[in-house]
Amino acid sequence: MTQPAADEAPYIERGTPAFRRTNLAFICAGFATFALLYCAQPLLPAFAEAFSISPAASSLALSLPTAVMAVCMLLASAASEALGRKPVMLVSVLASALLTIAAAFAPGWESFLLLRALLGIALSGLPAVAMAYITEELHPRSSGYAMGLYISGTAMGGMAGRVVSGLLLEAGGWRGSVGVIGLLGLASALVFWRSLPPSRHFHPRPLAWGGLAANFAAHLRDPGLRWLFALGFLFMGSFVTVYNYVGFRLLAPPFGLPHGLVALVFSVYLVGIGSSAFVGGLSDRFGRRRVLWLTVLAMLAGLALTLAASLPLLVLGLALLTFGFFGSHALASAWVGQRAGAAKAQASSLYLFAYYMGASIMGASGGLAWAAAGWAGVAALVGVALLAALLIALRLARLGGAG
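Everything quoted here is computed from the prediction, not taken from an experiment.

Conventions used here
Residues take numbers from 1 onward in each chain, read along the sequence in its written order. In keeping with the predicted nature of the model, local features appear solely for residues at pLDDT of at least 70, side-chain atom pairs appear and are counted solely at 80 or more, and the whole-chain, interface and lining totals rest on all residues. Side-chain measures were taken over the full set of non-hydrogen atoms in the model, leaving aside hydrogen atoms and water. A helix here means a DSSP run of H or I that spans at least four residues, while a strand means a run of E at least two residues long, and both kinds are numbered starting from the N terminus. Only protein chains enter the accessibility calculation, which uses a 1.4 Å probe; a residue whose area is less than 20% of its type maximum is buried, one above 50% is exposed, and one in between is partly exposed. Between two residues, a contact is recorded if the distance between any of their heavy atoms is within 4.5 Å. Surface accessibility in these figures is a Shrake-Rupley result with a 1.4 Å probe; residues are shielded only by whichever protein chains are displayed. For Phe, Tyr and Trp, where Trp contributes only its six-membered ring, two rings pair if their centres lie within 6.5 Å, and the inter-plane angle classes them as stacked under 30 degrees, edge-to-face over 60, or tilted in between. Interaxial angles span 0 to 180 degrees and are taken between N-to-C directions of axes, which are lines fitted to C-alpha atoms, for helices over the stretch in contact. In these notes the angle categories are as follows: under 35 degrees is roughly parallel, over 145 is roughly antiparallel, 65 to 115 is roughly perpendicular, and the rest is oblique. The crossing is said to be left-handed when, going from far helix to near helix, the turn is anticlockwise and less than a right angle, and right-handed when the turn is clockwise. Residue polarity follows a fixed list, in which Ala, Val, Leu, Ile, Met, Phe, Trp, Tyr, Cys and Pro are nonpolar, Asp, Glu, Lys and Arg are charged, and the others, Gly among them, are polar. You can read pLDDT as the predictor saying how much it trusts each residue, on a scale of 0 to 100. A pocket, in this scheme, is an open set of points on a 1 Å grid over the protein atoms alone with protein on both sides within 12 Å along at least 5 of 7 lines, while a cavity is a set where a 1.4 Å probe fits but cannot get out; residues line either one if an atom lies within 4 Å of a point. Grid points are joined across faces, edges and corners, and a volume is the space filled by probe spheres set on the points. By this rule, a helix spans an expected 1.5 Å times one less than how many residues it contains. Within this analysis, patches are made of residues with over 30% relative accessible area and no salt bridge. Like charges are joined at 9 Å or less; nonpolar side chains (Val, Leu, Ile, Met, Phe, Trp, Tyr) at 5 Å or less. Note on definitions: salt bridges are taken to be side-chain nitrogens of Lys or Arg within 4 Å of carboxyl oxygens of Asp or Glu.

**Details of the overall build of the protein**
At step 1: Along the protein, the regular secondary structure elements total 15 helices and zero strands.
At step 2: In the protein, which comprises 403 residues, the share counted as buried stands at 60%.
At step 3: Across the protein, every contact between residues at least 6 apart in sequence was considered, and the portion connecting residues at least 24 apart equals 84%.
At step 4: When the accessible area of the protein is evaluated, it comes to approximately 14,700 Å², of which 71% is carbon and sulfur surface.

Structure (structure tokens):
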């Protein structure tokens, strides 16, 4: 039987077997991406102790791969336009898992950082391409929910990377923690390969660097996309900065928690697993313009609660900030794909470039804020960023165009 042309092929819709397979694949891909990247976050105090480095220097285990990934995603999106969405994403997840396993055997800090930088290159092939696949292959009335489920997968990966590596720290040291996460990434790559349907609306294009630059320039001329890219920077920068240094706070007075209990605190990531799909569904009903600024307010309220000297209030604050972050990211990332029109992969890669540069720049700057003023300094840095994000969200609510 002749396959329908790309323009005539049906879109994947909610409630179909193809929709369930697609969501399973992207939940696993999101899980692997965030688990492999963020397994280092709860280990930052252990790195500082094992390698006799400062908290700010230990944060390079996270800020270096995120910066490398941000830059390389701009090129990975072009590669997917020529090579196809699924092959690029599969190689990305598989190589990332193998590099993480290798990092568990790194002989020193410099070699560990080198492998983490290579991890950033490998991971760059997944996030922007995943967003492009979802907006290309799924029906618009199902894409918001699907994007939310994909980001739920990233939440599960972020939680597993933090909780599992933190719990294993006392039993197997940081090497055992990193190695186990790498094996989980390999299993996720296998499920992704078996589950994801092939692209049916993808039009391959030859690599043309001039055309790539033109696409980037066209997206940057759109004021709505520029604001959305700025939001990606502020959302991820704020979120990563809080999680980078809350472990140092919980290990110090007045809390003085052991590493195992600090790892359990990261289980508030469970809130993010539900929030992205929930908020994505709300946006399908009421529109992103009416929902986005509320999720940013949730992040601000959560940040305020982390200033409390009470552990239950601090955990509640982390949960609320996590809820707001994953909801905000789900809304902004889906909005980018809808507003971009053509060359969606390049628009997604620009959003994620800003997103991960926020993690790298603000995450490293948070170490200076911590050294200068402790948690109050970290909260002040993040608070300014979230207030800026709130103003942008309110501006986007009044902006014309898709969304």
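From this point on, the discussion continues.
**Brief notes about the packing of aromatic side chains**
At step 1: The full count for this structure, using the stated rule, is 20 aromatic pairs.
At step 2: Consider the rings of Phe 47 and Trp 174, whose centres lie 5.5 Å apart with planes at 80 degrees: the pair is edge-to-face. Of this pair, Phe 47 sits in helix H2 (residues 44–50) while Trp 174 sits in helix H8 (residues 140–195), placing them 127 residues apart in sequence.
At step 3: Aromatic side chains Phe 239 and Phe 326 sit 5.6 Å apart centroid to centroid with 80 degrees between the ring planes, which places their arrangement in the edge-to-face category. Pair noted here: Phe 239 is in helix H10 (residues 223–251) and Phe 326 is in helix H14 (residues 311–340), with a separation of 87 residues, a long-range link.

**Details of the packing of H10 against H14**
The description of two helices packed together rests on the angle between their axes and the distance between the axes.
At step 1: Remark: H10 packs on H14, axes separated minimally by 10 Å, with the N-to-C direction vectors making an angle of 155 degrees. Comparing their axes, H14 and H10 come out roughly antiparallel. The chirality of how H10 crosses H14 is left-handed.
At step 2: Here the contact of H10 with H14 is composed, by residue class, of 20 nonpolar, four polar and two charged.

**With respect to the packing of helix H1 (residues 17–38) against helix H5 (residues 85–103)**
At step 1: At a minimum axis distance of 10 Å, the contact between H1 and H5 shows a crossing angle of 35 degrees. Handedness of the H1/H5 crossing: left-handed. Note on element contacts: H5 touches H1 through Met 89, Val 93, Ser 96, Ala 97 and Thr 100, opposite Phe 26, Ala 32 and Leu 36.

**Here we look at the confidence of the model for the protein**
Detailed reading of the predicted model is not advised wherever pLDDT is low.
At step 1: In the predicted model, the protein carries a mean pLDDT of 84, and the fraction of residues at 70 or more is 89%.
At step 2: At the level of individual helices and strands, the protein shows its lowest average pLDDT in helix H12 (residues 269–286), which scores 74, and its highest in helix H6 (residues 109–123), which scores 94.

**What about empty space enclosed by the protein?**
Summary: where empty space remains is shown by rolling a probe the size of a single water molecule over the atoms.
At step 1: Using the criterion set out here, one finds three cavities of 30 Å³ or more in the structure.
At step 2: Estimates place the volume of the largest cavity at around 70 Å³.
At step 3: Around the largest cavity, the lining residues are Thr 33, Phe 34, Pro 127, Met 131, Tyr 150, Thr 154, His 329, Leu 352, Tyr 355 and Tyr 356.
At step 4: Counting only elements with at least two residues in the lining of the largest cavity, the list comes to H1, helix H7 (127–137), H8 and helix H15 (344–397).
At step 5: If you trace the second largest cavity, you find it lined by Pro 42, Pro 45, Gly 166, Leu 169, Gly 247, Leu 251, His 259, Val 262, Ala 263 and Phe 266.
At step 6: Counting residues per element, the ones that place at least two in the lining of the second largest cavity are H8, H10 and helix H11 (259–265).
At step 7: When residues of the lining of the second largest cavity are assigned to their parent elements, the largest contribution, three residues, is made by H11.
At step 8: Residue composition of the lining of the second largest cavity, grouped by class: seven nonpolar, three polar and no charged.

**Considerations on the side chain of Ser 63**
At step 1: Mapped onto the elements of the fold, Ser 63 is located in helix H4 (residues 60–83).
At step 2: Assessed through its relative accessible area of 5%, Ser 63 is described here as buried.
At step 3: Look past the residues within four positions of Ser 63 in its chain and what remains in contact with it is Ser 360 and Ala 364.

**With respect to the side chain of Thr 66**
At step 1: Tracing the chain through its elements places Thr 66 in helix H4.
At step 2: On the basis of relative accessible area, Thr 66 is assigned to the buried category, the value being 0%.
At step 3: Thr 66 has contacts with Leu 37, Tyr 38, Tyr 356, Ala 359 and Ser 360, leaving out every residue within four places of it along the chain.

**A word on H14**
At step 1: Given a rise of 1.5 Å per residue, 30 residues ought to cover 44 Å, and the 43 Å separating the end C-alpha atoms of H14 matches this to within 8%.
At step 2: Directly beyond the C-terminal end of H14, a positive phi value near 70 degrees is found at Gly 341.

**Looking at a nonpolar patch on the surface**
At step 1: A grouping of Leu 114, Leu 118 and Ile 121 is seen on the molecular surface, where their side chains present a nonpolar patch of about 260 Å² in accessible area.
At step 2: In this structure, Leu 114 sits in helix H6.
At step 3: The exposure class of Leu 114 is exposed, given its relative accessible area of 53%.

**Some words on the environment of Phe 47**
At step 1: Residue class for Phe 47 comes out buried when judged on its relative accessible area of 0%.
At step 2: Each residue touching Phe 47, except ones within four places of it in the same chain, is listed here: Ala 40, Ser 52, Ile 53, Ser 58, Ala 61, Trp 109, Phe 112 and Trp 174.

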